[in-house]
Each structure stands twice: as structure tokens, then as C-alpha cells.
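Tertiary structure, described
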Amino acid sequence: MDSQILAELESLRQHKQRLERDVERLLTIDQLTGLLNRNAFTNRTNKLLNQPEVEKTQAAMIEFSIVGLPRISGSLGRHATDYLLSALAARMALMLAEGLLAARLDYKSFAVFLPAIVDPLYALTEARRILTKLREPVDWVDRKLSVDVMAGVALATANERHAEVLLENASLACRSAGQRGGPGYAFFNPALAENTRRRAEIQSAIQDGIEHNYFFMHYQPIFDCANGNLTGFEALLRLNHPKLGAISPAEFIPAAESSGQIGKLGSFALVTATRAASQWPADTVIAVNVSPEQFLDGSLITDIHNALELSTIPAYRLEIEITESTMMADVEVILPQIQALRELGCAVVLDDFGTGYSSLSYLWKFPFTKLKIDRSFVQAADTQPKVRGLISAIMDLSRNLGLKVTAEGIETPVQAAMIQACGCNFIQGYLTGRPVPDTDVAAIVMKRFAEAIRPQQTDIMLPGSLARRTAM
Ligand code: C2E
Ligand code: CA
Ligand code: CA
């Protein structure tokens, strides 16, 4: 072969090598950040975990999840979040010791693998160190982009040495770190896996409930503190599963919210509760709880229209209860819907007031009609006189803003007397009536009429007309 052919062959060989390298790069590297992609990271981590010298040492997986990207891409566009993600990846890579594996797992999360650690606490220290750095704002054009970051740490044990499992555990820890409102980092523990299993079980029970009509409503009476009259009922969703028994809404509502099932439950609650209310006296209101997801998926106003039309009750008899956390979800999407509800004629109640990130600005920026003071306040007031002062202050504030106030979770005559003395307008709780099925509502309503004609005696001492309620 002459030298020219040899040179051409050599150049072809080099070209092929370059192409192979390019293909290899495309298959293993995340194009935006230059970090390993999930697949390549998992493969390499598995190899490291199973090397004889690493096998005996402890290893840790850390996942970092970036919170707040939709907000930035919504206001500044996708190129801003792309820039932010690549800047954070570069920052993370710079902080890592030579040879440590780092990856971009998906749109908003990164991972770091520590193959040989002596002390598990070292992994937590590393997580915290990187987390702190990632939380520093990134300069972009003429502004600073800030995001929150959560971290989850999972340790490889002698029996559990699969990268996939470690990643799953780190991710569970990461999500729990985000939920607790703590420092933003957490270790994996088996209880988290149990929570995930239970959540999946609940979600499948919800599905069964939707398909086989296991859902139904209970109604809890609400009374006017001034005259003891029944003003209406709060509708509370119930699920009775043939195998799992009664499941609390405190458990199935969050599960339904995270799985997208809440829309169906929400419209069921609206339709069922308004239909029930159409059989009650014309002055009784029906309060229905709605979750932030119902506002976000955009079908709430239509659902409410439909429920009102089907039941034929006037809009002023329907109260929509929303919690403070709803406002946290996305004010720009939620505020116009609350306004639309008010224009429709519905009342809007701020529920669980005082438990979340209470911001006084909600009170004047949002056209609420009522506040519901959370049960925890009422209970705390039993032992801490200061809380009573707080309830009185909430009353003063509400009066000035033209808002009515309901106190919920009233269990004892002492609590009832206290909230009445504070000037609360409405009372709700086990003392004055537990949530009951639709079939028992008539008895409560009838009792009211009967009492109006012939007030009953009671041995519980309550101020004014409320005392009569406890006889029910
Ligand atoms: P919530 O809206 O704060 O409802 C009041 C909860 O307190 C109800 O619990 C009620 O049964 C309970 N309760 C009432 N009086 C007392 C009392 O005197 N003492 C005590 N200890 N508890 C009392 P429930 O029915 O278990 O509902 C829990 C939460 O689930 C509700 O809290 C609400 O946030 C949610 N939920 C219930 N039904 C629905 C629904 O249809 N849609 C949505 N989105 N959420 C719902
Ligand atoms: Ca409520
Ligand atoms: Ca509440």
C-alpha cells in the first residue's frame, strides 16, 4: 500500500474515532449543563458500587432539587432558566473533588455520588455545603435570579448497592426535605418509603372510590353566635373503602392533589353538596372546601357554574372555603378566580386562618367574605391566655375590614364562651354538632324550628342563646 492510501486510512480511522466520541458524548452528557445524564450516571455509579475496594466502604447519594423554575420561566422565559441551570451545574462541579460523579437527573434535579465516606454525617455536611452555594443568586442580564434548593441524602448499605434504588431513596428524602419547611435537607429513612407505599395505596383506593361510588359527604352545622340560629353546613368529603375502611380526608385529599385526582373529587363535592342544600330551608348556606389544584387546573369556575345550575340554588347560598396555602400556589392565577366567584355571588372564606404563612396583605388584597380561625388557636387558648388576646385582635382586624369570623373546632363550653366573648360571629365544632350524613341534616334543621317555638333547657352553662345549641 502506498503511503497516500495509508494516510487516508489513518485519517478515516481518526474521523471514525471522533464520531464515536461525539456519539458517546451525546449519549452520556446532558447537553445543557455538560454534566453526566441520568443513564450514564447510574451506570457509572453501579460500577463504582460494585468495585471490590469500594464495596466495603460506605457510599452516599445526594439529590438536589431546584424549586421555583416555573416562576422564572413564566416571567423571563425558558432561556433564563436554561442559563440558571447551567450556572448552578458549573457552580456545583467546581465544588466537587476531582473524579466525583455529578449528574443532571431531569429538568430540575442534580445528583452527586460520594463513593467512599467514613462517616454518614460527612454526606450531610457535603449536602449542606453544596446546597448553600446553589442557593446563592445567579446574575442574569441586569437582575439576580434566585431559586430555592432542597437536598436528599441516601446511604448505600451492605445489602443495598444499586444506583437506581439509591437515587429513588435520595429523591424521597429530597421531597420530604421540601415538605417540612425545615433547613431544606434530609436523610432518607425507611418511613419515607412506607409513606410512599401508603400514598400509592390511597391513590388506588381513591380510584376505586371514583369508579364504585365509595365517596359521600358529611355536613357539619355552623351557628350564629349572636342568636344561636343555624346558618348553614360545611360539606366534608368522606371515603369508605371496603378493604381499607374509612380513610380521613386529611390523608386522601393531599394524595388526590398530588395524583391529579382532586378535580373529580372536587366536582363531586360541589355537585353533591349543592344538591343536598337544595332540599334545605332557603336561608341555609353550604360551605364547600376547594383545593389549590382546582384553581390551577382552570375548571373550578365552570364546575361551580354547573353545580349551581344543576342544584338550582342561588349563588349566595354557596360559600367556597380556601386555605392560606392556596394563595401561596400562584396569586396571579388564583386572584381573578376569587374575583369571578364574588361576581357570581358566592361567598369566599379564608379557612385555617393563622396556620400557614399568614400574610395580612391577603386580607385586604383578596375579596374574602369570612375568615375561619383554625382549631389550633381555640385549643391553644385553653392553656395560654395570650392566644385569647390574639383571637380578639383578629376580631378587631376583621371588623375593620368588614369580614365575618367563624371559630371552628369548638369542643367544650369553655371554648364556646371564650370565642363568644372575643366577638366571633359563627361557631362550628363537635360541641354544637359533629359532621353528619345528609339524612340527619333534616333533624338538625327541624330542631332549630322546634327550638324557635319552645327553647329547651340544658345543663351546660353557655352565654346567651348558644346554650340552647348544646341541647342538640
Ligand atoms: P377543614 O376544612 O379545616 O375541616 C374541618 C375539619 O375539622 C373536619 O375534619 C372536621 O370533621 C373537623 N372538626 C370539626 N369540628 C371539630 C372539633 O370540634 N374537633 C376536632 N378535633 N375536629 C373537628 P375532616 O372532615 O377530617 O376534614 C379534614 C380536612 O380535609 C378539612 O379540614 C379540609 O381541609 C379537607 N377536606 C374535607 N373535605 C374536603 C373537600 O370536599 N375538598 C377539599 N379540597 N378538602 C376537603
Ligand atoms: Ca374548611
Ligand atoms: Ca379549617
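Overview of the structure. In this text, all values refer to a predicted model and were calculated from it rather than measured experimentally. (Residues numbered from 1 in each chain as written. Chains lettered and ligands numbered in written order. Predicted model: local features only at pLDDT ≥ 70, side-chain atom pairs only at ≥ 80, totals over all residues. Heavy atoms only, no water.)

1. Section: helix α17 (residues 385-401)
In a regular helix each residue adds 1.5 Å, so 17 residues correspond to 24 Å; α17 covers 25 Å between its end C-alpha atoms and thus fits that length. Among the residues of α17, those classed as buried are Val387, Ile391, Ile394, Met395 and Ser398. Each buried residue of α17 sits inside an arc of 100° when the element is viewed along its axis, so together they form one side. Opposite the buried face of α17, by more than 90 degrees, sit the exposed residues Pro385, Lys386 and Asn400. The elements touched by buried residues of α17 are β14 (347-353), β15 (370-373), α16 (375-383), β16 (404-407) and α18 (413-421). Directly beyond the C-terminal end of α17, a positive phi value near 75° is found at Gly402. (Helix = DSSP H or I, 4+ residues; strand = E, 2+ residues; numbered from the N terminus. Expected span 1.5 Å × (residues − 1). Buried < 20%, exposed > 50% of the residue type's maximum accessible area, 1.4 Å probe, protein only. Arc of directions from axis to C-beta. Contact = heavy atoms within 4.5 Å.)

2. A word on the pairing of strand β9 (residues 215-224)
Taking burial as the measure, the 10 residues of β9 include 9 buried ones, the bulk of the element. In the sheet, β9 pairs with strand β10 (residues 230-241) via 9 bridges, with the strands oriented antiparallel. From the neighbouring strand, Phe223 faces β10, where its bridge partner is Leu230. Linkage of β9 to β10, two consecutive antiparallel strands, is achieved through a turn of 5 residues, within which Gly228 is found at a positive phi near 75°. Here β9 runs beside strand β18 (residues 436-437); their pairing, made up of 2 bridges, is antiparallel. Along β18, the bridge assignment pairs His218 with Pro437. Across 2 bridges, the pairing between β9 and strand β17 (residues 426-427) is antiparallel. Its bridge partner lying in β17, Phe223 is registered against Ile427. (Pairing = 2+ DSSP bridges.)

3. Quick notes on the side chain of Arg91
In this structure, Arg91 sits in helix α5 (residues 78-95). For the buried residue Arg91, which engages in no salt bridge, the nearest side chain bearing the opposite charge is Glu136, 4.7 Å off. Among all residues touching Arg91, those that are not within four sequence positions of it are Lys133, Leu134, Glu136, Pro137 and Val138. (Lys, Arg positive; Asp, Glu negative; His and termini not counted. Salt bridge = Lys/Arg side-chain N within 4 Å of Asp/Glu carboxyl O.)

4. Details of the state of the cysteines
Here the structure, examined in full by the defined rule, presents 0 disulfides. Distance from the sulfur of Cys422, which forms no disulfide, to the nearest cysteine sulfur (Cys424) is 6.0 Å. (Disulfide = S-S within 2.5 Å.)

5. Remarks on the coordination of the calcium ion (ligand 2)
Listed as protein donors to the calcium ion (ligand 2) are Glu234 (OE), Asn289 (OD1), Glu321 (OE) and Asp351 (OD); their distances from the metal cover 2.2 to 2.3 Å. A relative accessible area of 30% means that Asn289 is categorised as partly exposed. Assessed through its relative accessible area of 5%, Asp351 is described here as buried. (Donors = N, O, S within 2.8 Å, 3.2 Å for Na, K, Ca; no water.)

6. Considering the pattern of salt bridges
Within this structure, the stated rule accounts for 16 salt bridges. Put simply, Arg198 and Glu201 hold a salt bridge, and the shortest N to O gap is 2.9 Å. Of this pair, Arg198 and Glu201 both sit in helix α8 (residues 190-212), 3 residues apart, which is roughly one turn of the helix. A salt bridge links Lys370 to Glu319, with the shortest nitrogen-to-oxygen separation between them at 2.5 Å.

7. Let's talk about the coordination of the calcium ion (ligand 3)
Binding of the calcium ion (ligand 3) to the protein goes through Asp351 (OD), Asp352 (OD), Glu408 (OE) and Glu408 (OE), at separations of 2.1 to 3.0 Å. Taken in sequence order, the residues that donate to the calcium ion (ligand 3) follow the motif D-D-x55-E. Exposure remark for Asp352: the relative accessible area of 23% places this residue in the partly exposed category.

8. Details of the site of ligand 1
Near ligand 1 you find 21 residues, and of these Gln220, Arg238, Asp351, Glu411 and Tyr430 are the closest. A distance of 3.0 Å separates a nitrogen atom of ligand 1 from a polar atom in the side chain of Gln220. At 2.8 Å, a backbone N or O of Tyr430 approaches an oxygen atom of ligand 1. For ligand 1, the protein covers 85% of the area, taking 800 Å² as the surface of the free molecule. Elements represented by at least two residues in the shell around ligand 1 include exactly β10, α9 (249-259) and β14. Tallied by class, residues from the shell around ligand 1 come to 9 nonpolar, 5 polar and 7 charged. (Near = heavy atom within 4 Å. Polar contact = N/O pair within 3.5 Å; in protein donor to acceptor, adjacent residues only side chain to side chain. Areas by Shrake-Rupley, 256 points an atom, 1.4 Å probe, with all protein chains shown as cover. Nonpolar A, V, L, I, M, F, W, Y, C, P; charged D, E, K, R; others polar.)

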